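Here's the letter readout for the chains.
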Amino acid sequence: MDAPDTPAPGRPQIVTLTMNPALDITTSVDVVRATEKLRCETPRYDPGGGGINVARVAHVLGGSVSAVFPAGGASGGLLTSLLDDERVSYRQITISAATRESLTVNENSTGQQYRFVLPGPRLTFTEQAQCLDELRRAADSAEFVVASGSLPPGVPADYYQRVADSCQRLGARFILDTSGGGLQHVSSGVYLLKASARELRECVGRPLVTESEQFAAARELIEKGCAQSVLVSLGSHGALLVTPSVSQRYSAIPMRSGSGVGAGDAMVAAITIGFSRGWPLEKSVRLGIAAGAAMLMTPGTAVCERADVEKLFALAQEPCDVMVYD
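Each value, and the rule that gives it
Residues numbered from 1 in each chain as written. Predicted model: local features only at pLDDT ≥ 70, side-chain atom pairs only at ≥ 80, totals over all residues. Heavy atoms only, no water. Helix = DSSP H or I, 4+ residues; strand = E, 2+ residues; numbered from the N terminus. Rg over C-alpha atoms; globule rule 2.2 N^0.38 Å. Buried < 20%, exposed > 50% of the residue type's maximum accessible area, 1.4 Å probe, protein only. Contact = heavy atoms within 4.5 Å. 1 Å grid on protein atoms, 1.4 Å probe; cavity = no way out; pocket = protein on both sides within 12 Å on 5 of 7 lines; lining within 4 Å. Points joined across faces, edges and corners; volume = space filled by probe spheres on them. Nonpolar A, V, L, I, M, F, W, Y, C, P; charged D, E, K, R; others polar. Salt bridge = Lys/Arg side-chain N within 4 Å of Asp/Glu carboxyl O.

**Q** How should the overall build of the protein be read in this particular structure?
**A** Secondary structure assignment for the protein yields 10 helices and 14 strands. Taken over the C-alpha trace, the protein has a radius of gyration of 19 Å; the compact-globule value for 326 residues is 20 Å, and the two agree within 12%. Structurally, the protein occupies a C-alpha span of about 55 × 45 × 40 Å along its principal axes. Across the 326 residues of the protein, 53% fall into the buried class. For the protein, the proportion of contacts with a sequence separation of at least 24, taken over those separated by at least 6, is 67%.

**Q** Just to check I follow, could you spell out empty space enclosed by the protein for this structure?
**A** Take a probe with the size of a water molecule and roll it over the atoms, and the empty space left behind shows itself. This structure, assessed with the given rule, holds three cavities of 30 Å³ or more. There is about 50 Å³ of room inside the largest cavity. Considering the residues around the largest cavity, the lining is formed by Asn53, Arg56, Val57, Val261, Gly262, Asp265, Ala266, Met295, Thr301, Ala302 and Val303. Elements with a minimum of two residues in the lining of the largest cavity: helix H1 (50-60) and helix H8 (263-276). In terms of residue count, H1 provides more of the lining of the largest cavity than any other element does, three residues in total. Counted by class, the lining of the largest cavity contains six nonpolar, three polar and two charged residues.

**Q** In this structure, what is going on with the pattern of salt bridges? I would like to understand it.
**A** Pairs can form between side chains of opposite charge whenever their charged atoms are close. Following the criterion strictly, the structure yields 15 salt bridges and no others. The partner of Asp46 in a salt bridge is Arg56, and the shortest N-O contact between them spans 3.4 Å. On the criterion of sequence distance, the pair formed by Asp46 in strand S3 (residues 44-48) and Arg56 in helix H1 is long-range, its members being 10 residues apart. Across this residue pair, the class does not change: Asp46 and Arg56 are buried. In this structure, a network of salt bridges that share partners links the residues Arg44, Asp46, Arg56 and Glu86.

**Q** In this structure, what is going on with the layout of surface pockets? I would like to understand it.
**A** Computed from the structure, the largest pocket encloses a volume of approximately 1,200 Å³. Contributing to the lining of the largest pocket are 46 residues, with Arg115, Gly260, Gly262, Ala263 and Gly264 lying nearest its centre. Taken together, the residues of the lining of the largest pocket sort by class into 15 nonpolar, 23 polar and eight charged.

**Q** Please clarify how unusual backbone geometry should be interpreted in this entry.
**A** Residues other than glycine predominantly adopt negative phi, and peptide bonds predominantly adopt the trans conformation. Phi at Thr35 is positive, roughly 65 degrees, even though this residue is not glycine. Take Thr35: its relative accessible area is 87%, and that puts it in the exposed class. Notably, Leu208 is not glycine yet its phi reads approximately 55 degrees, a positive angle. For Leu208, the location among the structural elements is in the loop between helix H6 (197-204) and helix H7 (211-223).

Written out as structure tokens, the structure reads:
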């Protein structure tokens, strides 16, 4: 892959925002049975939450990145310690409540995976304001801001629109990957919106059974001014990209089944890395497809390896232009 330009020291090109970070715990058990004590294997701990995962992968791919997030309690302390171990730059807003924990359990006998996601701490109005202030300071000279993940309890649904407004004032391009109210209340200012098929369905309030319906829903968001471009991630079926001028289908890279936890975050991270290198959107999305596939090769919520992403990027196919009929 092309080598990235070297940014000025202390001035990250990419800033990520994670409003609801998590300490990710991954373990395995032979069989999951109700009402029984399940003797699990030694757990793995990783720093988690959408924007933090984006920052971790962007760092692995050689990007200049800094993560902004609220954290508190013992779980928040362990999360920041793990980021220190990975040498990922971050700005923590200390909060009074403890950072949530998320549990992933792999069932060895079947290969099934069970994911338990807690709602997260309730942030006070002051803590919410501190997060936005810290983001503005961190992104003052950044080219890209990535907000990824859910909003925790107490944070208003239009919070990401406030982030979008701040990015417009700062001149940073805003990339958003979220769901629920956080997505539904964004009306402008997004450079690239990444959504899963489920998130897109929930956003527009329709089933979106066919590919044509998915393309149409993505175009609808662009025409409303919500985003300049929309990427719909489809897991093993690849992705759909919609801009004002093109509708494209990207094939997935054939992979053996794996965890897939964090694949969407890795996709967003790699796409942003492509942008930071001056790559066009189509090439950046191909890098994102490769990074998402590389996450299937990692245990639990560990980040992918740069060498794996490079190998898979060579296998990523050029997109197919699609003629969509209303």
